[in-house]
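Understanding the architecture of this molecule
Read off the chains here:
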Amino acid sequence: MRLDALLVASAARLAAAGSPTPRLDAEVLLCHLLEVDRTWLYTWGDREADPATAERFAALLARREAGEPVAYLTGEREFWGLRLATEPSTLIPRPDTETLVEAALEKAGAAGGRLLDLGTGTGAIALAFASERPGWRVLGVDLRPEAVALARRNAERLAIANAVFRQSDWFSALEAAEGEAAERFELIVSNPPYLADDDPHLARGDVRFEPASALVAGDGGLADLHHLVRTAREHLAVAGWLMLEHGAEQGGAVRQALISAGYAEVATRCDLAGLERVSLGRWPGR
Ligand SMILES: C[S@@+](CC[C@H](N)C(=O)[O-])C[C@H]1O[C@@H](n2cnc3c(N)ncnc32)[C@H](O)[C@@H]1O
C-alpha cells in the first residue's frame, strides 16, 4: 500500500478507537519507524510501504488503538524544543508545564544561580531551564531511580552540562550533614503529583498509562503541594522563589498555603488556555 493511503486508513482506525489526534498520531508513528520527518512523508506519500515496515506499523497502531500514549510508543516527546526520551516510569511532559519554565526564566538573572527541580521525571523542566541559562547550576531530583536515570540520559543526549540529577525523596538527599549549612537555591520549582485518587482524568486517555506515583497525591491532591510549601523554606536563599505547578482548581489553596507559610509577592500564572497553572512566592528569609 502507498504511504499516503496507509496514513488515511490508519487515521480512520485511530479515530474510531477514540484518539483525539488520529492523523497526527499515525504520522508520528510512521515517521518514527521510517526515521524521517513529517515533511518527508508529505513529499513522498506516493512511495510503497515495504512489507516489514507495514507489519511493524500495524503492531504500533494496534497498541495506539488500545490507548497507549504515542510518546511511550516512540520513546520520545518534544518539550521546550528539546527532544526528550520518555518511559512509562514517569510522566510524559505536557505543554502546560512550559508556563513553569517561563516563570522560572523570568525570575532568573542571566548572571547565574542555583535552581532545584523537585520531581524532575524526564528532566523536562530542569533541562529546558538549563538550556536557556548556561550560567546557572541546575539540580533535578526524583523519588524513582528510573526517572533519575532517564533524566541523566536526556541531559547527555542533549549535551546539557549544567544540569545534574539525584535520587531523593523531595529534600531528603539534600539535608546538611551535622554542623554544616544546607545548600540553598535561588529558585525551587516543581510539578509534583496533584490529582486526587478519585480524579476522573485518571481513567481517561494517555493518563491511564502513566504511573500513579507521578500523578496522585493525598489530601484530595494537595498533600505534596502543601508539603513542598512548608519544607522549601529551609532550602531557599533569601529572596529566592518557590514555584509550583498545580491543577486549574488548586490556585486558591496553593496561594493561601504560600501566604500562611510566610512567602511574599504571592501570585499565580495562567497557562495558554487561561487556566491557573503555576503559583509562586518569594521567601523573605528570617
Ligand atoms: C507530575 S510528575 C512531573 C515530572 C516532570 N517534572 C514534568 O513536569 O514532566 C511528578 C514527578 O514527581 C516524582 N515524585 C513523586 N513523589 C516524589 C517524592 N516524594 N520525591 C521526589 N519526587 C517525587 C514522580 O516520580 C514524578 O516523576
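The structure presented is a predicted model; accordingly, all values stated were derived computationally and were not measured.

For interface size, the figure often reported is the accessible area lost on association. According to the domain assignment, the chain consists of domain 1 (3-67) and domain 2 (77-282). Spacing between the C-alpha centres of domain 1 and domain 2 amounts to 34 Å.

Let us look at the UniProt feature "binding site: substrate" (unreviewed entry) in the chain. The UniProt record marks Asn-191, Pro-192, Pro-193 and Tyr-194 with the feature "binding site: substrate" (unreviewed entry), using the residue numbering of this structure. The residue Asn-191 is located in the loop between β6 (185-190) and α9 (212-215) in this model. With relative accessibility at 16%, the residue Asn-191 sits in the buried group. Setting aside residues up to four positions removed in sequence, Asn-191 forms contacts with Leu-91, Thr-97, Leu-100, Leu-118, Gly-119, Ile-125 and Glu-245. You can call Pro-193 buried: its relative accessible area is 8%. Aside from chain neighbours lying at most four places away, what touches Pro-193 is Trp-170, Ser-213, Ala-214, Leu-215, Val-216, Ala-217, Gly-221 and Asp-224.

Attention now moves to the packing of aromatic side chains. Under the definition given, this model contains 2 aromatic pairs. Pairing Phe-129 with Trp-136 gives two aromatic rings, centres 5.4 Å apart and planes at 80 degrees, and the pair type is edge-to-face. Like Phe-129, the residue Trp-136 is buried in the burial classification. For Arg-47, the ring lying beneath its charged end belongs to Trp-44, and the centroid distance is 4.3 Å.

A few words on the site of the ligand. The environment of the ligand is made up of 18 residues, and the closest members are Gly-119, Asp-142, Asp-169, Trp-170 and Asn-191. One nitrogen or oxygen atom from the side chain of Thr-90 is found 3.0 Å from an oxygen atom belonging to the ligand. In the environment of the ligand, a nitrogen atom lies 3.1 Å from a nitrogen or oxygen atom belonging to the backbone of Leu-143. Considered on its own, the ligand offers 600 Å² of accessible surface; in the complex 96% of this is hidden by protein.

Time to look at helix α7 (residues 124-132). Owing to its 3.6 residues per turn, the α-helix aligns residues three or four sequence positions apart on the same side. By the criterion of burial, α7 is predominantly enclosed, with 7 of the 9 residues buried. Restricting attention to buried positions, one finds in α7 the residues Ala-124, Ile-125, Ala-126, Leu-127, Ala-128, Phe-129 and Ala-130.

Reading the values: the criteria
- Position labels on residues start from 1 in each chain and follow its written sequence.
- Residues qualify for local features only when their pLDDT is at least 70, as the model is predicted, and side-chain atom pairs are given and counted only at 80 or more; totals for whole chains, interfaces and linings, by contrast, use all residues.
- As a rule here, side-chain values come from all non-hydrogen atoms in the structure, and water together with hydrogens is ignored.
- Where each domain begins and ends is defined by an automated method or by a domain database.
- UniProt positions are given in the numbering used here, feature names are shortened, and annotations may be inferred rather than shown by experiment.
- Per the convention used, a helix needs a DSSP run of H or I reaching at least four residues, while a strand needs a run of E reaching at least two, with both numbered from the N terminus.
- Burial classes: relative accessible area under 20% of the type maximum marks a residue as buried, over 50% as exposed, and values in between as partly exposed (1.4 Å probe, protein chains only).
- Two residues qualify as a contact provided that any one of their heavy atoms is within 4.5 Å of a heavy atom in the partner residue.
- To pair, rings of Phe, Tyr and Trp, with the six-membered ring standing in for Trp, must have centres within 6.5 Å; the planes then decide the type, stacked if under 30 degrees apart, edge-to-face if over 60, and tilted in the middle.
- Two limits define a charge over a ring: the Lys NZ or Arg CZ must be within 6 Å of the ring centre, and within 35 degrees of the ring normal.
- Only heavy atoms are used to decide nearness, and a residue is near a molecule or strand if one of them lies within 4 Å of it.
- Polar contacts, as used here, are pairs of N or O atoms within 3.5 Å; protein pairs need one atom able to donate a hydrogen and one able to accept it. Residues neighboring in sequence count only if both atoms are side-chain atoms.
- Computed with the Shrake-Rupley method and a 1.4 Å probe, the accessible areas treat only the protein chains shown as cover for residues.

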